Amino acid sequence: MVIGQRFYRPGEAEKKDGGFWQSNNTRELFYSFHKDEFPAESVMHRFVVHFIPPKMQIPPRTEQPGFIVQKMYLTKRKLLFKLKDAGANKEEEIDLLVQKTKSRLGNLPNIQPKDAVAH
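Here is what the cut-offs are and how they apply
Residues numbered from 1 in each chain as written. Predicted model: local features only at pLDDT ≥ 70, side-chain atom pairs only at ≥ 80, totals over all residues. Heavy atoms only, no water. Phe/Tyr/Trp six-rings, centres within 6.5 Å; stacked < 30°, edge-to-face > 60°. Helix = DSSP H or I, 4+ residues; strand = E, 2+ residues; numbered from the N terminus. Buried < 20%, exposed > 50% of the residue type's maximum accessible area, 1.4 Å probe, protein only. Lys NZ or Arg CZ within 6 Å of the ring centre and 35° of its normal. Pairing = 2+ DSSP bridges.

Asks: Give a detailed account of the packing of aromatic side chains, specifying residues and quantitative values.
Replies: Within this structure, the stated rule accounts for seven aromatic pairs. Between the aromatic rings of Tyr-8 and Tyr-73, the centroid separation amounts to 5.1 Å while the plane-to-plane angle is 65°, which identifies the pairing as edge-to-face. With a gap of 65 residues between them, Tyr-8 in strand 1 (residues 2–8) and Tyr-73 in strand 4 (residues 67–74) connect regions that are remote in the sequence. The burial state of Tyr-8 is the same as that of Tyr-73; both residues are buried. Considering the side-chain rings of Tyr-31 and Phe-51, the 5.4 Å spacing of their centres and the 80° angle between planes classify their relative orientation as edge-to-face. With a gap of 20 residues between them, Tyr-31 in strand 2 (residues 28–38) and Phe-51 in strand 3 (residues 49–51) connect regions that are remote in the sequence. Of the two residues examined, Tyr-31 and Phe-51, each falls in the buried class. The ring of Tyr-8 carries the charged tip of Arg-6 above its face, separated from the ring centre by 4.2 Å. The ring centre of Trp-21 lies 5.2 Å from the NZ or CZ of Lys-15, which sits over that ring.

Asks: Tell me about unusual backbone geometry, and please be specific about residues and values.
Replies: Despite not being glycine, Lys-78 shows a phi value in the positive range, around 60°. The exposure class of Lys-78 is partly exposed, given its relative accessible area of 28%.

Asks: With reference to specific residues and values, describe the pairing of strand 4.
Replies: With four bridges connecting them, strand 2 and strand 4 associate as parallel partners. Considered in strand 4, the bridge of Phe-30 is made with Lys-71. Strand direction decides the pairing type here: strand 3 and strand 4, joined by three bridges, are parallel. Across the sheet, the residue bridging to Val-49 is Phe-67, located in strand 4. Looking at chain direction, strand 4 and strand 5 (residues 79–82) are connected through four bridges and run antiparallel. Bridging from a neighbouring strand, Lys-71 pairs with Lys-82 of strand 5. Turn length for the strand 4-strand 5 hairpin, with the two strands adjacent in sequence and antiparallel, is four residues, and the turn residue Lys-78 shows positive phi of about 60°.

All quantities given are derived from atomic positions and should not be read as evidence of function.
And the structure:
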């Protein structure tokens, strides 16, 4: 048996008022603090997860394959939060995951406001 951190695809994460959370990005996963114990034989393979703050640009799949996490899913409350809103008791854990991503990818540019004028 192994213990694994649980990630949720948007279509698997229930909303508090019913239905499921949606996403426009097929690479998106929601991070949770939910851990499960399961048989080691059920582990198929490793995969790469990039923890990218919401105001940073997501690198193209061709340059950086893998999944993207920008939100956390609280399973018991069925709520979704941006990574920056982790709360004091989880902030250190999230900061470490973001720093690991930055060390792999380098500094990612900020998303430019849609109404910014190019000079």
